[in-house]
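Coordinates in review
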Amino acid sequence: MVGAGRRREWTWRRLAARVAVPVLAMAAMPVAAQAPPPDALVRCESRDMGREHCAMDTRYGVELVRQLSGNTCIRGSEWDVERGGIWVALGCRGEFRALRPVGEVPMRRVVRCESDGRQNSCPVMLRGAPVRLLRQLSVWPCKEGRSWGVRRNEIWVSRGCEGEFELGAEDGSGFVEMPRAITCESKGKTRRMCGVTIDRAAHLQRQLSNSACVEGSSWGWSRDGVWVDQGCRGEFVVD
């Protein structure tokens, strides 16, 4: 009887050990971090003027909520959206938020085309679709007919123009009707042109500089874009 009791005790210890190992292993497994809600702020910082990537949802766009750095955070030159998140550079530090969908999100057809100083052609199937400059990415101005234009099934750029170009509907019905916002800055109080095709008008949405942004004096617009001067830096909406 004593031997049987010892055998039962040994059997129970083996079973307990087998159960305890998986339990301990499960306890040691790291708990997956929960994704932040869509409207959560994501802090992204460029350290030592370097380029940094910050993961976030960019499906419906991203907005800069608050600039934290003394250095400027201009979209296209100091920060922008890329696959799987955003990037910041040149000392830009800020808090960003992923935009949420509002009903059906219209899709723009956008082609990026860049010139290194020489003329470059970017093939695209136009089939009669109109083309406009959606956003200038270069310091060098993008002016239609001078540094960019359209030929049959291609967009051409020259003189250092780099930009994103929007393609309209192939049936000629026009472009996607969505607000187009750009940030334009006069660095060193010098005049700068920020290229974007303007059909009707441009409006100052928010002044970002200490220097005043006064239309006709320190900022204005033409068909080829928004210009700023005298240290004006602001967010503009174009129609």
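Residues numbered from 1 in each chain as written. Predicted model: local features only at pLDDT ≥ 70, side-chain atom pairs only at ≥ 80, totals over all residues. Heavy atoms only, no water.

The number of helices and strands found in the chain is one helix and 18 strands. Of all 239 residues assigned to the chain, the portion counted as buried reaches 38%. Sequence separation of 24 or more characterises 69% of the internal contacts of the chain that already satisfy a separation of 6 or more. Entry remark: accessible area of the chain is about 14900 Å², with carbon and sulfur atoms responsible for 53%. (Helix = DSSP H or I, 4+ residues; strand = E, 2+ residues; numbered from the N terminus. Buried < 20%, exposed > 50% of the residue type's maximum accessible area, 1.4 Å probe, protein only. Contact = heavy atoms within 4.5 Å. Areas by Shrake-Rupley, 256 points an atom, 1.4 Å probe, with all protein chains shown as cover.)

Attention shifts here to the environment of W219. You can see W219 is positioned in strand β16 (residues 219-222). Separated by ten residues in sequence, W219 and D229 place their C-alpha atoms 6.1 Å apart. In this structure, W219 is in contact with A202, H203, L204, C213, V214, V226, W227, V228, C232 and F236, ignoring residues within four places of it in sequence.

Bringing the sheet that holds strand β4 (residues 79-82) into the picture now. A sheet is described by the order of its strands in space; here three strands give the open sequence β2-β5-β4, paired in antiparallel fashion. The open sheet terminates on both sides in strands that have one partner only, identified here as β2 (52-55) and β4. Strand-to-strand twist across the sheet, computed as the mean angle between neighbouring axes with direction ignored, equals 25 degrees. Sheet topology places β2 next to strand β5 (residues 85-88); four bridges connect them, and they run antiparallel. By the bridge assignment for β5, H53 is matched with W87. (Pairing = 2+ DSSP bridges. Axes fitted to C-alpha atoms, helices over the stretch in contact; angles between N-to-C directions.)

For the rest of this paragraph, the subject is the nonpolar core. Judged by nonpolar contacts, the single largest core of 14 residues is most densely connected at V131, W148, I155, F165 and L167. Those elements that provide at least two residues to this core are β7 (109-114), β9 (131-136), β11 (154-157) and β12 (162-167). Excluding anything up to four places from it in sequence, F165 contacts R109, V110, V111, C113, V131, R132, L133, L134, W148, I155 and V157. (Core = buried A, V, L, I, M, F, W, Y, C linked by side-chain atoms within 4.5 Å.)

On to the pattern of salt bridges, then. Overall, the coordinates contain 19 salt bridges when judged by the stated rule. Among the salt bridges present, the one from D80 reaches R75, with a minimum N-O distance of 3.1 Å. With relative accessibility at 31%, the residue R75 sits in the partly exposed group. Across the pair R151 and E154 runs a salt bridge, and its minimum N-O distance is 2.8 Å. Its relative accessible area of 37% is what places R151 among the partly exposed residues. Each member of the salt-bridge network shares a partner with another, and the members are R43, E45, R47 and R93. (Salt bridge = Lys/Arg side-chain N within 4 Å of Asp/Glu carboxyl O.)

Pairing is antiparallel in the open sheet, where three strands are placed in the order β13-β18-β15. Each having just a single partner strand, β13 (180-185) and β15 (202-207) make up the two edges of the open sheet. Across this sheet, the average inter-strand angle for adjacent strands is 30 degrees, counted without regard to direction. Sheet topology note: the β15/strand β18 (residues 233-238) ladder contains five bridges and is antiparallel. Residue A202 lies in a different strand from β18, and its bridge partner there is V238.

This part takes up the confidence of the model for the chain. For the chain, per-residue confidence averages 81 on the pLDDT scale, and 80% of positions sit at 70 or higher. Looking over the chain, one finds the lowest element-wise mean pLDDT in helix α1 (residues 2-28), namely 47, and the highest in β16, namely 95. (pLDDT = per-residue confidence, 0-100.)

Let us look at the pairing of strand β10 (residues 148-151). Where β10 and β11 come together, four bridges link them in antiparallel fashion. Across the sheet, the residue bridging to W148 is V157, located in β11. Where β10 folds back on β11, the antiparallel hairpin that results is connected by two residues, among which N153 adopts a positive phi of roughly 60 degrees.

Further remarks concern the environment of V88. With respect to the secondary-structure elements, V88 resides in strand β5. For V88, a relative accessible area of 0% translates into the label buried. Through-space distance from the C-alpha of V88 to that of E45 is 6.5 Å; in sequence the pair is 43 residues apart. Filtering out sequence-adjacent residues up to four positions away, V88 remains in contact with C44, E45, S46, G50, R51, E52, E78, W79 and F96.

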